[in-house]
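Examining the three-dimensional arrangement
Okay, here's what each chain looks like letter by letter:
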Amino acid sequence: NFEINELKVYRSRPVASANITVGAAATNDIRFQNPNPTTFSAKVKSICSDSAGNLSAIFYENINVDWTPPSVVDTINDGLAADIVFTNSATELSANWSAAVDTNSAIAKYWYAIGTTAGAMDVVNWTDNWFNRTVTHTGLTLVDGQTYYFSVKAENGAGLISAVYTSNG
(Lines give C-alpha, C1' and ligand atoms only; values in the text may rest on other atoms or scores of the structure.)
Protein backbone atom coordinates (compact mmCIF):
# COMPACT_ATOMS: atom_id res chain seq x y z
CA ASN A 1 0.00 0.00 0.00
CA PHE A 2 1.16 3.51 -0.76
CA GLU A 3 -0.17 7.02 -1.10
CA ILE A 4 0.66 9.55 -3.81
CA ASN A 5 0.06 13.23 -3.16
CA GLU A 6 1.10 14.54 -6.56
CA LEU A 7 1.87 12.62 -9.70
CA LYS A 8 3.41 14.28 -12.73
CA VAL A 9 3.33 12.55 -16.09
CA TYR A 10 5.26 13.92 -19.03
CA ARG A 11 4.88 12.55 -22.52
CA SER A 12 6.47 13.38 -25.79
CA ARG A 13 4.50 14.83 -28.62
CA PRO A 14 5.56 14.93 -32.24
CA VAL A 15 3.98 18.31 -33.05
CA ALA A 16 4.17 21.81 -31.61
CA SER A 17 0.70 21.68 -30.08
CA ALA A 18 -1.56 19.17 -28.37
CA ASN A 19 -5.30 19.00 -27.78
CA ILE A 20 -6.35 18.64 -24.14
CA THR A 21 -9.80 17.13 -23.70
CA VAL A 22 -12.11 18.36 -20.95
CA GLY A 23 -15.18 16.67 -19.51
CA ALA A 24 -16.40 14.24 -16.90
CA ALA A 25 -15.62 11.10 -18.94
CA ALA A 26 -12.69 8.98 -17.77
CA THR A 27 -11.14 9.27 -21.25
CA ASN A 28 -10.65 13.05 -20.93
CA ASP A 29 -7.38 14.67 -19.84
CA ILE A 30 -9.10 17.09 -17.42
CA ARG A 31 -12.09 15.42 -15.76
CA PHE A 32 -13.03 17.85 -13.00
CA GLN A 33 -14.40 21.37 -12.72
CA ASN A 34 -12.95 23.95 -10.35
CA PRO A 35 -14.05 23.00 -6.82
CA ASN A 36 -14.50 26.73 -6.13
CA PRO A 37 -13.73 29.99 -7.98
CA THR A 38 -10.24 30.38 -6.49
CA THR A 39 -8.95 26.82 -6.95
CA PHE A 40 -7.79 25.81 -10.41
CA SER A 41 -9.05 22.55 -11.88
CA ALA A 42 -5.81 21.65 -13.61
CA LYS A 43 -2.32 22.76 -14.49
CA VAL A 44 -0.79 22.07 -17.88
CA LYS A 45 3.00 22.00 -17.96
CA SER A 46 5.34 21.93 -20.90
CA ILE A 47 9.04 21.23 -21.18
CA CYS A 48 11.02 21.11 -24.40
CA SER A 49 14.30 19.61 -25.46
CA ASP A 50 16.40 20.72 -28.37
CA SER A 51 18.34 18.51 -30.80
CA ALA A 52 21.32 18.51 -28.41
CA GLY A 53 19.14 17.18 -25.56
CA ASN A 54 19.06 20.43 -23.59
CA LEU A 55 15.87 20.88 -21.58
CA SER A 56 13.97 24.14 -21.31
CA ALA A 57 12.54 25.57 -18.14
CA ILE A 58 9.11 24.22 -17.29
CA PHE A 59 6.31 26.45 -18.51
CA TYR A 60 2.89 25.99 -16.96
CA GLU A 61 -0.59 27.39 -17.17
CA ASN A 62 -3.26 27.08 -14.47
CA ILE A 63 -6.55 26.04 -16.00
CA ASN A 64 -10.03 27.05 -14.84
CA VAL A 65 -12.73 24.58 -15.86
CA ASP A 66 -16.46 25.17 -15.53
CA TRP A 67 -18.97 23.50 -17.82
CA THR A 68 -22.12 24.18 -15.79
CA PRO A 69 -24.14 27.40 -16.07
CA PRO A 70 -25.01 29.43 -12.97
CA SER A 71 -28.25 28.98 -11.07
CA VAL A 72 -31.28 30.94 -12.19
CA VAL A 73 -32.11 34.27 -10.59
CA ASP A 74 -35.35 33.20 -8.91
CA THR A 75 -36.80 36.50 -7.69
CA ILE A 76 -37.17 39.77 -9.57
CA ASN A 77 -38.89 42.72 -7.95
CA ASP A 78 -40.16 45.50 -10.18
CA GLY A 79 -38.94 48.66 -8.41
CA LEU A 80 -35.92 49.28 -6.19
CA ALA A 81 -37.21 47.50 -3.05
CA ALA A 82 -40.31 45.34 -2.59
CA ASP A 83 -42.18 44.44 -5.79
CA ILE A 84 -44.37 47.24 -7.14
CA VAL A 85 -47.32 47.11 -9.53
CA PHE A 86 -47.41 50.75 -10.68
CA THR A 87 -44.87 53.51 -11.33
CA ASN A 88 -45.45 57.23 -11.62
CA SER A 89 -42.57 57.72 -14.03
CA ALA A 90 -43.03 57.97 -17.78
CA THR A 91 -39.29 57.73 -18.50
CA GLU A 92 -37.67 55.14 -16.20
CA LEU A 93 -38.13 51.63 -14.84
CA SER A 94 -36.29 49.96 -11.96
CA ALA A 95 -35.82 46.38 -10.78
CA ASN A 96 -33.84 44.34 -8.26
CA TRP A 97 -33.26 40.61 -8.06
CA SER A 98 -31.87 37.78 -5.96
CA ALA A 99 -28.32 36.55 -6.39
CA ALA A 100 -27.50 33.69 -8.72
CA VAL A 101 -24.90 31.13 -7.61
CA ASP A 102 -22.04 29.45 -9.42
CA THR A 103 -19.85 27.12 -7.38
CA ASN A 104 -17.14 26.61 -9.99
CA SER A 105 -16.31 30.05 -11.37
CA ALA A 106 -18.55 32.57 -9.54
CA ILE A 107 -20.95 35.09 -11.04
CA ALA A 108 -19.21 37.52 -13.36
CA LYS A 109 -22.17 39.70 -14.38
CA TYR A 110 -25.90 40.04 -14.71
CA TRP A 111 -27.84 40.94 -17.85
CA TYR A 112 -31.31 42.51 -18.00
CA ALA A 113 -33.85 43.25 -20.72
CA ILE A 114 -37.23 45.00 -20.68
CA GLY A 115 -40.24 44.03 -22.74
CA THR A 116 -43.97 44.58 -23.08
CA THR A 117 -44.63 40.84 -22.73
CA ALA A 118 -42.97 38.31 -20.42
CA GLY A 119 -39.52 37.46 -21.78
CA ALA A 120 -39.61 40.08 -24.56
CA MET A 121 -36.82 42.57 -25.33
CA ASP A 122 -38.84 45.06 -27.37
CA VAL A 123 -38.20 48.01 -25.02
CA VAL A 124 -34.57 47.40 -23.95
CA ASN A 125 -32.39 44.66 -25.46
CA TRP A 126 -30.05 42.59 -23.26
CA THR A 127 -27.88 45.03 -21.30
CA ASP A 128 -24.78 44.24 -19.23
CA ASN A 129 -25.38 45.30 -15.61
CA TRP A 130 -21.97 44.15 -14.37
CA PHE A 131 -22.23 42.61 -10.90
CA ASN A 132 -25.10 44.88 -9.83
CA ARG A 133 -28.42 43.34 -8.81
CA THR A 134 -30.37 46.58 -9.09
CA VAL A 135 -30.99 48.76 -12.11
CA THR A 136 -32.81 51.93 -13.04
CA HIS A 137 -33.06 52.31 -16.81
CA THR A 138 -33.76 55.92 -17.81
CA GLY A 139 -34.60 57.64 -21.08
CA LEU A 140 -37.61 55.47 -21.83
CA THR A 141 -40.89 56.54 -23.39
CA LEU A 142 -43.42 54.54 -21.39
CA VAL A 143 -47.07 54.15 -22.34
CA ASP A 144 -49.66 54.69 -19.59
CA GLY A 145 -51.47 51.42 -18.79
CA GLN A 146 -48.84 49.21 -20.51
CA THR A 147 -47.29 46.44 -18.41
CA TYR A 148 -43.49 46.19 -18.63
CA TYR A 149 -41.45 43.11 -17.69
CA PHE A 150 -37.82 42.81 -16.61
CA SER A 151 -35.94 39.67 -17.63
CA VAL A 152 -32.64 38.78 -15.97
CA LYS A 153 -29.93 36.20 -16.62
CA ALA A 154 -26.58 35.59 -14.91
CA GLU A 155 -23.20 34.91 -16.53
CA ASN A 156 -20.45 33.00 -14.75
CA GLY A 157 -16.66 33.37 -14.97
CA ALA A 158 -16.54 30.83 -17.79
CA GLY A 159 -18.99 32.84 -19.90
CA LEU A 160 -21.89 30.41 -19.42
CA ILE A 161 -25.37 31.92 -19.10
CA SER A 162 -28.17 30.87 -16.76
CA ALA A 163 -31.75 30.40 -17.83
CA VAL A 164 -33.78 33.62 -18.09
CA TYR A 165 -36.14 34.62 -15.30
CA THR A 166 -38.83 37.27 -15.87
CA SER A 167 -40.64 39.56 -13.42
CA ASN A 168 -44.41 39.63 -13.00
CA GLY A 169 -44.55 43.09 -14.60
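Below is a summary of the structure that appears in this document.

Rules of the game
Residues numbered from 1 in each chain as written. Predicted model: local features only at pLDDT ≥ 70, side-chain atom pairs only at ≥ 80, totals over all residues. Heavy atoms only, no water. Helix = DSSP H or I, 4+ residues; strand = E, 2+ residues; numbered from the N terminus. Buried < 20%, exposed > 50% of the residue type's maximum accessible area, 1.4 Å probe, protein only. Contact = heavy atoms within 4.5 Å. 1 Å grid on protein atoms, 1.4 Å probe; cavity = no way out; pocket = protein on both sides within 12 Å on 5 of 7 lines; lining within 4 Å. Points joined across faces, edges and corners; volume = space filled by probe spheres on them. Nonpolar A, V, L, I, M, F, W, Y, C, P; charged D, E, K, R; others polar. Polar contact = N/O pair within 3.5 Å; in protein donor to acceptor, adjacent residues only side chain to side chain. Phe/Tyr/Trp six-rings, centres within 6.5 Å; stacked < 30°, edge-to-face > 60°.

**Let's talk about the environment of Val-22**
- Examined against the element boundaries, Val-22 turns out to sit in the segment before β1 (42-46).
- Residue classification places Val-22 among the partly exposed positions, given a relative accessible area of 44%.
- Here the alpha-carbon distance between Val-22 and Ser-49, two residues 27 residues apart in the chain, equals 27 Å.
- Once residues lying within four places of it in the same chain are set aside, the contact partners of Val-22 are Asn-28, Ile-30, Val-65 and Trp-67.

**Side note on the layout of surface pockets**
- A volume near 1200 Å³ is recorded for the largest pocket.
- Taken together, 28 residues make up the lining of the largest pocket; nearest its centre are Val-9, Ile-20, Lys-43, Val-44 and Lys-45.
- Counting only elements with at least two residues in the lining of the largest pocket, the list comes to β1 and β2 (59-63).
- It is β1 that contributes the most residues to the lining of the largest pocket, five residues altogether.
- Its residues assigned to classes, the lining of the largest pocket shows 14 nonpolar, five polar and nine charged.

**Section: the environment of Tyr-165**
- Relative to the elements of secondary structure, Tyr-165 occurs in strand β9 (residues 165-166).
- Taking the C-alpha atoms as reference points, Tyr-165 and Phe-40, separated by 125 residues in sequence, lie 30 Å from one another.
- Sequence-distant contacts of Tyr-165, that is, excluding residues within four places in its chain, are made with Val-72, Val-73, Asp-74, Thr-75, Ile-76, Phe-150, Ser-151 and Val-152.
- A polar side-chain atom of Tyr-165 sits 3.2 Å from the main-chain carbonyl oxygen of Asp-74.

**Remarks on the packing of aromatic side chains**
- The tally for this structure, following the rule as stated, stands at three aromatic pairs.
- With centroids separated by 6.1 Å and ring planes inclined at 45°, the aromatic side chains of Tyr-112 and Phe-150 adopt a geometry described as tilted. Taken together, the positions of Tyr-112 in strand β5 (residues 107-115) and Phe-150 in strand β8 (residues 149-156) put the pair 38 residues apart, joining distant regions of the chain.
- Among the residues examined, Tyr-112 registers a relative accessible area of 4% and is labelled buried.
- A relative accessible area of 2% means that Phe-150 is categorised as buried.

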